[in-house]
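What follows is each chain in one-letter form.
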Amino acid sequence: MERRKFIGTTAAATLGMMTNKTEASNHSAYKLKGNINHSACRWCYSKIPMTEFLQHLNTIGLKAMDLSGPEDWALMKKYGIHASMCWGAGKGITKGWNDLQLHEELIADYARIIPLVAEAGYTNLICFSGNRNGIDDQLGLQNCVKGLKQIMPLAEKHGVVIQMELLNSKVDHKDYMCDRTAWGVALCNAIGSENFKLLYDIYHMQIMEGDVIRTIQNYHSYFGHYHTGGNPGRNEINHTQELYYPAIMTAILKTGYKGYVAQEFIPTWQDPIAALKEAVNICDV
């Protein structure tokens, strides 16, 4: 399964592979500082065979990969790569927990995969609110609570954290419901379990809200995972975009966060692994 199947058509469809003068041809190991637990989202590098990609992660010094399912885990373990955010349950981004008609199917699906995540030694499992489709935000929140509360005892039993991703509804995911931090925080409070958190995607929330560092400072206890991405364009996180990631990473560290930060930008360089290496270095504060 690829992330593209969840997010639909992205800017990558129209972007050519461009050569950047700052690309590094040498992928020799870089000694990371160890303050940030780095990860990378597999779907952004789907053109690279899995075995080759895992080897690159080892060379760069990354110990984890985001957005993988049970079909990937045996190979990941072979290369010592942790699954920092799992998927494999649900109906994608547009159809989620805000729709009561989907609850029976979703509950069965998550009940199936939660034990698999735990047995594999992993913790995080992604979920989505779904699109509004005419559902009022408050009613959608209530619907999410009703459904998610039915799987929380199983998640708590197995030590699995269900994480709903915050996504923008302005550019990439029109009509998506969980598109504001305040709505996600209200959902966390209504569910009332330490095994339910928000996946704070910095790229998406920059588009919807901005004020990223203050939001992290104020609501970090609700955030169980972070994704990066350059805005605008969702490409490299260097000087070509508006977010300053060293400051954002420093703010995350100051909250005491010990989880993973996953690179989720669409590389435009001719050498996508060199782009990933640059991003990791930028975030390695």
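In this text, all values refer to a predicted model and were calculated from it rather than measured experimentally.

Chemist: Describe unusual backbone geometry, naming the residues involved and giving the relevant values.
Modeler: Apart from glycine, the bulk of residues carry a negative phi angle, and the bulk of peptide bonds sit in the trans form. At the junction of Asn231 and Pro232, the peptide bond is cis and its omega measures out at 0° in the coordinates. Structurally, the position occupied by Pro232 is in the loop between β7 (223-227) and α10 (245-254). Here the phi dihedral of Asp175 falls at roughly 80°; this positive angle occurs in a residue that is not glycine. In this structure, Arg234 takes a positive phi of about 60° despite not being glycine. By secondary structure assignment, the location of Arg234 is in the loop between β7 and α10. For Arg234, a relative accessible area of 3% translates into the label buried.

Chemist: Requested: an account of the packing of aromatic side chains, with residues and values cited.
Modeler: Applying the stated criterion across every chain yields a total of eight aromatic pairs. Ring geometry for Tyr200 versus Tyr226: centroids 6.0 Å apart, planes at 75°, classification edge-to-face. Of this pair, Tyr200 sits in strand β6 (residues 196-201) while Tyr226 sits in strand β7, and the two are 26 residues apart along the sequence. On the accessibility criterion, Tyr200 (0% relative accessible area) is buried. For Tyr226, a relative accessible area of 0% puts it in the buried group. On the basis of an interplanar angle of 85° and a centroid distance of 6.0 Å, the ring pair of Phe223 and Tyr226 is categorised as edge-to-face.

Chemist: So, the layout of surface pockets: which residues are in play, and what are the values?
Modeler: Taken as a whole, the second largest pocket holds about 210 Å³ of empty space. Every element with two or more residues in the lining of the second largest pocket is listed here: β3 (82-86), β5 (161-165) and β7. Of all the elements, β3 adds the most residues to the lining of the second largest pocket, at three residues. Among the residues making up the lining of the second largest pocket, the classes are represented as five nonpolar, nine polar and one charged.

Chemist: Describe the environment of His103, with residues and values.
Modeler: Tracing the chain through its elements places His103 in helix α4 (residues 103-119). Overall, His103 belongs to the buried group, its relative accessible area being 6%. For the pair His103 and Asn143, spaced 40 residues apart in the sequence, the C-alpha separation amounts to 9.0 Å. With sequence-adjacent residues up to four places away left out, His103 is seen in contact with Trp97, Asn143, Lys146 and Gly147.

Chemist: I'd like a rundown of the confidence of the model for the protein chain, residues and numbers included.
Modeler: In this model, the protein chain carries a mean pLDDT of 92, and residues with pLDDT of at least 70 account for 89%. In the model, residues 1-26 has pLDDT below 50 throughout and makes 56 contacts with residues more than four positions away in sequence or in other chains.

Chemist: Before we move on, could you go through the pattern of salt bridges and cite the residues and values that matter?
Modeler: Counted according to the given criterion, the structure contains seven salt bridges. For Arg112, the salt bridge identified is with Asp109, shortest N-O distance 2.7 Å. Of this pair, Arg112 and Asp109 are both found in helix α4, three residues apart, which corresponds to roughly one turn of the helix. Glu264 serves as the salt-bridge partner of Arg234, at 3.0 Å between the closest nitrogen and oxygen. One end of the pair, Arg234, is in the loop between β7 and α10; the other, Glu264, is in the loop between β8 (260-263) and α11 (272-283), with 30 residues separating them in the sequence. Neither residue differs from the other here; Arg234 and Glu264 are each classed as buried.

Chemist: For the pairing of strand β1 (residues 37-41), give the residues involved together with the corresponding values.
Modeler: Among the five residues that make up β1, four are buried, leaving the element largely enclosed by the rest of the structure. When β1 meets β8, the two strands line up parallel, connected through four bridges. Its bridge partner lying in β8, His38 is registered against Val261. Summarising the sheet, β1 and strand β2 (residues 64-68) pair through two bridges and their orientation is parallel. By the bridge assignment for β2, Ala40 is matched with Met65. A crossover links β1 with its parallel partner β2, the connecting element being helix α2 (residues 50-60), and its sense is right-handed.

Chemist: Account for the environment of Lys77, naming residues and giving values.
Modeler: Relative to the assigned elements, Lys77 resides in helix α3 (residues 70-78). In this structure the C-alpha to C-alpha distance between Lys77 and Ala120, which are 43 residues apart in sequence, comes to 9.4 Å. Side-chain polar atoms of Lys77 contact the backbone oxygen of Ala120, separated by 2.6 Å.

What counts and how
- Residues numbered from 1 in each chain as written.
- Predicted model: local features only at pLDDT ≥ 70, side-chain atom pairs only at ≥ 80, totals over all residues.
- Heavy atoms only, no water.
- Helix = DSSP H or I, 4+ residues; strand = E, 2+ residues; numbered from the N terminus.
- Buried < 20%, exposed > 50% of the residue type's maximum accessible area, 1.4 Å probe, protein only.
- Phe/Tyr/Trp six-rings, centres within 6.5 Å; stacked < 30°, edge-to-face > 60°.
- 1 Å grid on protein atoms, 1.4 Å probe; cavity = no way out; pocket = protein on both sides within 12 Å on 5 of 7 lines; lining within 4 Å.
- Points joined across faces, edges and corners; volume = space filled by probe spheres on them.
- Nonpolar A, V, L, I, M, F, W, Y, C, P; charged D, E, K, R; others polar.
- Contact = heavy atoms within 4.5 Å.
- pLDDT = per-residue confidence, 0-100.
- Salt bridge = Lys/Arg side-chain N within 4 Å of Asp/Glu carboxyl O.
- Pairing = 2+ DSSP bridges.
- Right-handed = clockwise from strand over helix to strand, strands pointing away.
- Polar contact = N/O pair within 3.5 Å; in protein donor to acceptor, adjacent residues only side chain to side chain.

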